[in-house]
Amino acid sequence: MDPNTDYQLEGDPSAYALENGLVVPVVTRGGHEPDLTGQSEGATRISGVSIQHTPATRLWFGKVHNLAGYRSVPHHHGEAETGGYVLSGRARIYFGEAFADYIDMSEGDWVFVPPFMPHVECNLDRNNPLTWMTTRTPENIVVNLPQVADADLRDWAERP
């Protein structure tokens, strides 16, 4: 088989075709990302790839920016599986019964958050922002839950 002449496309990409019939990559240019996606107060989520502005049907991929000292309200992402990468900064995710457990991450760390898992996302740094690259499938679902007090999050007030 000659890979230059005998390539056979498997599957039907026609659902992703432009009006002229071509199937092409879709680029979202930096600075032109839509922010019309699920949000939690204090976290800015922008979509690089999503059903809102690309032909994607089962994927959300974006950037999440947290201000210095930020922590989210408790929330979960419904049926969505979530993968995250700490692009810059130091992060903490509280989870478990009454959010009693946590994991800390720093630049270069990856995390998987299972569907329906209530959690609190935090920026450990009191002076610098935290930036995540995040992907979810099938979409960026954000279900905000009732707030918890800072004092109820173990080691939060005492962080360096």
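Residues numbered from 1 in each chain as written. Predicted model: local features only at pLDDT ≥ 70, side-chain atom pairs only at ≥ 80, totals over all residues. Heavy atoms only, no water.

> How would you explain the overall build of the protein chain if you had to name every residue and give the values?
For the protein chain, the count of helices and strands is zero helices and 10 strands. Reading the protein chain from its N end, one meets helices and strands in the order β-β-β-β-β-β-β-β-β-β. Split into buried and exposed, the 160 residues of the protein chain put 33% on the buried side. Residue pairs in contact within the protein chain that sit at least 24 positions apart in sequence constitute 71% of those at least 6 positions apart. Counting every atom, the protein chain has about 9400 Å² of accessible surface; 56% of that belongs to carbon and sulfur. (Helix = DSSP H or I, 4+ residues; strand = E, 2+ residues; numbered from the N terminus. Buried < 20%, exposed > 50% of the residue type's maximum accessible area, 1.4 Å probe, protein only. Contact = heavy atoms within 4.5 Å. Areas by Shrake-Rupley, 256 points an atom, 1.4 Å probe, with all protein chains shown as cover.)

> How would you summarise the pairing of strand β7 (residues 110–113) if you had to cite specific residues and measurements?
Burial along β7 is one-sided: the residues Val 111 and Val 113 are buried and none of Trp 110 and Phe 112 is. One ladder, built from four bridges, connects strand β4 (residues 81–88) with β7; its direction is antiparallel. Each residue of the ladder has a partner; that of Gly 83, found in β7, is Phe 112. (Pairing = 2+ DSSP bridges.)

> Help me get a handle on the packing of aromatic side chains, residues and values and all.
The final tally for this structure, using the stated rule, is two aromatic pairs. When the centroid spacing of 4.4 Å and the interplanar angle of 50 degrees are considered together, the rings of Tyr 85 and Trp 110 count as tilted. Pair noted here: Tyr 85 is in strand β4 and Trp 110 is in strand β7, with a separation of 25 residues, a long-range link. With relative accessibility at 23%, the residue Tyr 85 sits in the partly exposed group. It is Arg 92 that lies over the ring of Tyr 102; its NZ or CZ is 3.8 Å from the centre. Seen from the ring of Trp 156, Arg 159 lies directly overhead, with NZ or CZ sitting 3.6 Å from the centre. (Phe/Tyr/Trp six-rings, centres within 6.5 Å; stacked < 30°, edge-to-face > 60°. Lys NZ or Arg CZ within 6 Å of the ring centre and 35° of its normal.)

> Lay out the confidence of the model for the protein chain in plain terms, naming residues and giving numbers.
Of the residues in the protein chain, 89% have a pLDDT of 70 or more, and the chain-wide mean is 89. The spread of mean pLDDT over the elements of the protein chain runs between strand β1 (residues 43–49), the lowest at 85, and strand β6 (residues 101–106), the highest at 98. (pLDDT = per-residue confidence, 0-100.)

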